[in-house]
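Secondary and tertiary structure notes
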Amino acid sequence: VSTPEPGQAKRPLPVVTPRSHAFWHGGADGHLHIGQCQQCGFYSHPPLPYCPRCHADGVTAVPVSGVGSVYSFTIERYTWLPDLPAPYVVAEVELVEQDGLRLLTTIVDCNPDDVTIGMRVAVSFIRQSDVFFPVFRPLHRDGQS
Ligand SMILES: [Zn+2]
């Protein structure tokens, strides 16, 4: 977990609901938390009140590996927010837990021009206020991030 230094990127804080609480605050224990159906085991994100596969309502946020791959990405080259200087990468990362389980995030600790589709990444957290933003950094072949 890192905290932005003065002059570093600051992200607009999300509106945290009871349903998304574990996603935004779960990083406090170093783990990414994703909703999982307690009936059939299906993961879903963003958090839903019921399982999109079996329609059971027992969806609970559980810790996942935090490992995935870049499914798609774009390099933002314009500074839209003064505290979030360009260039930066907006990426859809697919988690290893399940095909199609993707979340919108950013890739850090990497030159934006070095990001590629399929690149292996691992979660990391940037703390702002009491929110832990899940971001991803390249995972090297030896398994160390
Ligand atoms: Zn289910």
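The sections below set out a description of the structure shown in this document. Note that the structure is a prediction, hence the values are computed from the model and not measured. (Residues numbered from 1 in each chain as written. Predicted model: local features only at pLDDT ≥ 70, side-chain atom pairs only at ≥ 80, totals over all residues. Heavy atoms only, no water.)

This brings us to the coordination of the zinc ion. Taken together, Cys37 (SG), Cys40 (SG), Cys51 (SG) and Cys54 (SG) make up the full set of protein donors to the zinc ion, lying 2.3 Å away. Donor residues for the zinc ion sit on one chain with the sequence pattern C-x2-C-x10-C-x2-C. With cysteine 37 in strand E1 (residues 32-37) and cysteine 54 in the loop between strand E2 (43-44) and strand E3 (59-64), this pair connects stretches of sequence that are 17 residues apart. Cysteine 37 gets classed as buried once you look at its relative accessible area, which sits at 3%. (Donors = N, O, S within 2.8 Å, 3.2 Å for Na, K, Ca; no water. Helix = DSSP H or I, 4+ residues; strand = E, 2+ residues; numbered from the N terminus. Buried < 20%, exposed > 50% of the residue type's maximum accessible area, 1.4 Å probe, protein only.)

Here we take up the pattern of salt bridges. Summed over the entire model, instances satisfying the criterion amount to three salt bridges. For arginine 102, the salt bridge identified is with glutamate 94, shortest N-O distance 2.7 Å. Note that aspartate 109 is salt-bridged to arginine 137, the shortest N-O span being 2.8 Å. Here arginine 137 lies in strand E8 (residues 131-138) and aspartate 109 lies in the loop between strand E6 (102-107) and strand E7 (120-128), a separation of 28 residues in the sequence. Residue classification places aspartate 109 among the exposed positions, given a relative accessible area of 57%. (Salt bridge = Lys/Arg side-chain N within 4 Å of Asp/Glu carboxyl O.)

A few words on a nonpolar patch on the surface. Residues Tyr78, Trp80 and Leu81 make up a contiguous nonpolar surface patch of roughly 380 Å² in combined accessible area. With respect to the element layout, leucine 81 can be found in the loop between strand E4 (67-76) and strand E5 (88-95). (Patch = residues over 30% accessible without salt bridge, like charges linked within 9 Å, V, L, I, M, F, W, Y side chains within 5 Å. Areas by Shrake-Rupley, 256 points an atom, 1.4 Å probe, with all protein chains shown as cover.)

With that out of the way, let us pick up the nonpolar core. One finds Leu32, Ile34, Leu95, Leu103, Ile107, Val121 and Phe136 to be the most contacted residues of the largest nonpolar core, which totals 27 residues. Looking at this core, the elements that each hand over two or more residues are helix H1 (21-25), E1, E3, E5, E6, E7 and E8. With five residues, E8 is the single largest residue contributor to this core. With sequence-adjacent residues up to four places away left out, valine 121 is seen in contact with Gly66, Val67, Gly68, Ser69, Val70, Val93, Ile107, Phe136, Arg137, Pro138 and Leu139. (Core = buried A, V, L, I, M, F, W, Y, C linked by side-chain atoms within 4.5 Å. Contact = heavy atoms within 4.5 Å.)

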